[in-house]
Amino acid sequence: MPDKSFAMSNVDTAWYQMEDPTNLMMVSGFIEFNQKLDFERVRQTIKERMVDKFPRFRMKVVPSAVPLRNPRWEPDPTFTIEAHVQRVALPAPGDKAALQEFVSNWMSTPLDFSKSPWHMMVVDTAVGSVLFARLHHCIGDGIALVQVMLSLTDMEPNPSYPPPDMFGSKKRTSQEKGSTLGRIVKPVTAVWDLSRRVAGAVVHEGLETFYNPLNLIDQGMTAASYAGKGATMAAKATTATGKLLLMPPDPKTPFKGKLGVTKHAVWTDPVAVEDVRKIGRYLGGKINDVLLSAMTGALRRYLIEQGFDPTGVNFRATVPVNLRRPEQAGELGNDFGLVFLSLPVGIADPFERLNELRRRMDAIKDSPEAIIALGVLSMLGTTPTQIADQVVNIFGMKSTLVATNVPGPRIPLYFAGSQIGKLVFWVPQSGRLGLGISIFSYNGEVTLGVAADAGLVTDPEGIVRGFEAEFEELMVMVRQVEADGLG
């Protein structure tokens, strides 16, 4: 049955219109393997599990010729999987530095909107392969796209391929029951049900983060009630805009300034989730609190290295908040809001900073701010570009970076027959910000990714070094507590 065209939603349109050469609105990331991937199997897996199941991945965006009317998703008559999935090799020596340069170059390169706005590459390295992906934010938000990626994975290296129930058989072998592929042949909702099950084995605190990070949705309110058209949406958008106008701008720091086209992508070595949990247990706080506190300390260290005095400084991180209810998980598109978390960069003591950050996190847990912000994003999709640009600039004035935390599975997964070793991703910096920090957990480890404007953040590795130093300092405190017999 041929794909049917449809109008892009207001919120998706907002992300489409925010595209700028100096701030590309795409989610980027890679999956790392310690062996070479079977390229034909990779293509076949992506085609069967993603392209064939989700029409949006074989459709392109067509702007409307009518002013103020949303663009449409139209079937791409020339679509081929070969145009979207290619294989390349890193230049010698094919190490982490070469991969960082590769990712940085592609993170600075716009997607091709003459076709569906996504692109994947199998990248051969010195030790194995990497699957690098770029997907435009108008297709879906980070939660939706992570679940799409999870639908490509298996819980064992070689499940039945293709599964016997490809055409609707109700019986499955025990092998198929343990694989992702054995279930994705059901309707699209089953793909999400499966990827949710795969992602369900996450760190305890992460379960709440994955579906509703800050527990913001009041039982009597839904995102749709704020994002819908009409007087209610307009009133809520006005309220949120007024709140943003009253919020003082973030202070001028080396992280703020005019953006350029070139971006840099770096990431930390993984740290053990159990160590993060131990820090929270001994020093106080949840996993999120510990990671965000170490991130804040890393930003403080970077500022000091750049000759900037952070004493007394606070600036905000824009934190995306998932507003989907579990029963709404089987949908692409964008369904999230934004909250502004003030980071206590001026606090030097790690223990004091952790406690203060935890207090600030708790203070915004009951705020409707994220849902209201969704109304603003919805408004942007129906607003003249000049006005939308002003609202986006307001977002950018009130914040310094985008910070995300998406927990992944705590069990090892497989893709196209190979075990996944590491996952790293980056979200776009909405509001024309120059810094984005993404935290992702997988198989008992946490990796922090940094995406930065090359002109503003000249040494992004300094943030990586700072995070690792902050984390080690917290671990020293934990070891001291254990040595004192207080744990």
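Conventions and cut-offs
- Residue positions within a chain follow its written sequence, with the count starting from 1.
- It should be noted that, the model being predicted, local features are given only for residues of pLDDT at least 70 and side-chain atom pairs only at 80 or more, the latter also being counted only at that level, while totals for whole chains, interfaces and linings use all residues.
- To obtain the side-chain values, all non-hydrogen atoms of the structure were included, while hydrogens and water were left out.
- Helical segments are the DSSP runs of H or I of at least four residues, strand segments are the runs of E of at least two, and each set is numbered from the N terminus.
- Think of it in three bands: with a 1.4 Å probe and only protein chains considered, a residue is buried below 20% of the maximum accessible area for its type, exposed above 50%, and partly exposed in between.
- In short, Shrake-Rupley with a 1.4 Å probe defines the accessible areas, and a residue's cover is counted only from the protein chains shown.
- When DSSP finds two or more bridges between two strands, those strands count as paired.
- Every axis in this analysis is a line fitted to C-alpha atoms, fitted for helices over the stretch in contact. Angles between the N-to-C directions lie between 0 and 180 degrees.
- Contacts are assigned to residue pairs that have any heavy atoms within 4.5 Å of one another.
- Here a helix's expected span is defined as the number of its residues, less one, multiplied by 1.5 Å.
- Salt bridges are defined as contacts in which a side-chain nitrogen from Lys or Arg sits within 4 Å of a carboxyl oxygen from Asp or Glu.
- Two N or O atoms form a polar contact when they lie within 3.5 Å of each other; inside protein one atom must be a possible hydrogen donor and the other a possible acceptor, and for residues adjacent in sequence the pair counts only when both atoms belong to side chains.
- Here the angle decides the label: under 35 degrees means roughly parallel, over 145 means roughly antiparallel, 65 to 115 means roughly perpendicular, and every other value means oblique.
- Crossing handedness follows the turn of the near helix against the far one: under a right angle anticlockwise gives a left-handed crossing, and clockwise gives a right-handed one.
- Each residue receives one of three labels: charged for Asp, Glu, Lys and Arg, nonpolar for Ala, Val, Leu, Ile, Met, Phe, Trp, Tyr, Cys and Pro, and polar for the others, Gly being one of them.

(A) Quick look at the overall build of the chain. The number of helices and strands found in the chain is 16 helices and 17 strands. The burial tally for the chain puts 58% of its 487 residues in the buried class. Put simply, the chain shows about 19200 Å² of open surface, and 56% of that area lies on carbon and sulfur atoms.

(B) Region of interest: the sheet that holds strand β3 (residues 59-62). Strand order in the open sheet formed by three strands is β1-β4-β3, with antiparallel pairing between adjacent strands. Each having just a single partner strand, β1 (6-7) and β3 make up the two edges of the open sheet. With four bridges joining them, β3 and strand β4 (residues 72-75) adopt antiparallel strand pairing. In the sheet register, Val61 faces β4, and the bridge partner there is Trp73.

(C) A look at the sheet that holds strand β2 (residues 26-33). Strand order in the open sheet formed by five strands is β5-β6-β7-β2-β15, and the pairing between neighbours is mixed. Two strands close off the open sheet at either side, each with one partner strand: β5 (85-89) and β15 (422-426). Between one strand axis and the next, the sheet turns through 20 degrees on average, direction left out of account. Of the pairings in the sheet, the one linking strand β6 (residues 118-124) to strand β7 (residues 129-136) comprises seven bridges and is antiparallel in character. Considered in β7, the bridge of Val122 is made with Leu131. Helix α3 (residues 96-107) rests against β2, β5, β6, β7 and β15 of the sheet, and its axis sits at about 155 degrees to β2.

(D) Up close: unusual backbone geometry. Of the consecutive residues Ala92 and Pro93, the connecting peptide bond is found in the cis state with omega at 10 degrees. Tracing the sequence through the fold places Pro93 in the loop between β5 and α3. At Ala416, a residue that is not glycine, the phi angle is positive and equals roughly 50 degrees. Locating Ala416 in the fold gives a position in the loop between β13 (414-415) and β14 (418-419). The exposure class of Ala416 is buried, given its relative accessible area of 6%. In this structure, Asn443 takes a positive phi of about 50 degrees despite not being glycine. With respect to the helices, strands and loops of the structure, Asn443 is situated in the loop between β16 (435-442) and β17 (445-453).

(E) Inspection of helix α12 (residues 287-305) at higher detail. Counted at 1.5 Å a residue, the expected span for α12 with its 19 residues is 27 Å, and the 27 Å between its end C-alpha atoms agrees. Immediately downstream of α12, the backbone of Gly307 shows phi near 80 degrees, a positive value.

(F) Structural context of the pattern of salt bridges. The tally for this structure, following the rule as stated, stands at 19 salt bridges. The residue Asp124 makes a salt bridge to Arg87 at a minimum N-O spacing of 3.0 Å. Residue Asp124 is located in strand β6, and its partner Arg87 is located in strand β5; the two are separated by 37 residues in the primary sequence. The exposure class assigned to Asp124 is buried, which follows from its relative accessible area of 16%. The partner of Arg465 in a salt bridge is Asp459, and the shortest N-O contact between them spans 2.8 Å. On the basis of relative accessible area, Arg465 is assigned to the partly exposed category, the value being 41%. What makes Asp459 partly exposed here is its relative accessible area of 24%.

(G) Structural view of the pairing of β6. Across the seven residues of β6, seven count as buried, placing the element largely inside the fold. Residues Trp118, Met120, Val122 and Asp124 of β6 are buried on one face, and the alternating residues His119, Met121 and Val123, pointing to the opposite face, are buried as well. Examined bridge by bridge, β5 and β6 share five bridges and lie parallel to one another. Across the sheet, the residue bridging to Ala89 is Asp124, located in β6. Where β6 folds back on β7, the antiparallel hairpin that results is connected by four residues.

(H) Representation of the environment of Arg87 in the model. Of the residues examined, Arg87 reaches a relative accessible area of 33% and is grouped as partly exposed. Only 3.0 Å separates the side chain of Arg87 from the side chain of Asp124, close enough to count as a polar contact.

(I) Main features of the packing of α12 against helix α13 (residues 350-363). Interhelical geometry of α12 versus α13 gives an angle of 120 degrees and a closest axis separation of 9 Å. It follows from the interaxial angle that α12 and α13 lie oblique. Like other packed secondary-structure pairs, α12 and α13 cross with a definite hand, here right-handed. Facing α12, whose interface residues are Asn288, Asp289, Val290, Leu292, Ser293, Thr296, Gly297 and Arg300, α13 presents Pro350, Arg353, Leu354, Leu357, Arg358 and Met361. The residue makeup of the contact of α12 with α13, split by class, is six nonpolar, four polar and four charged.

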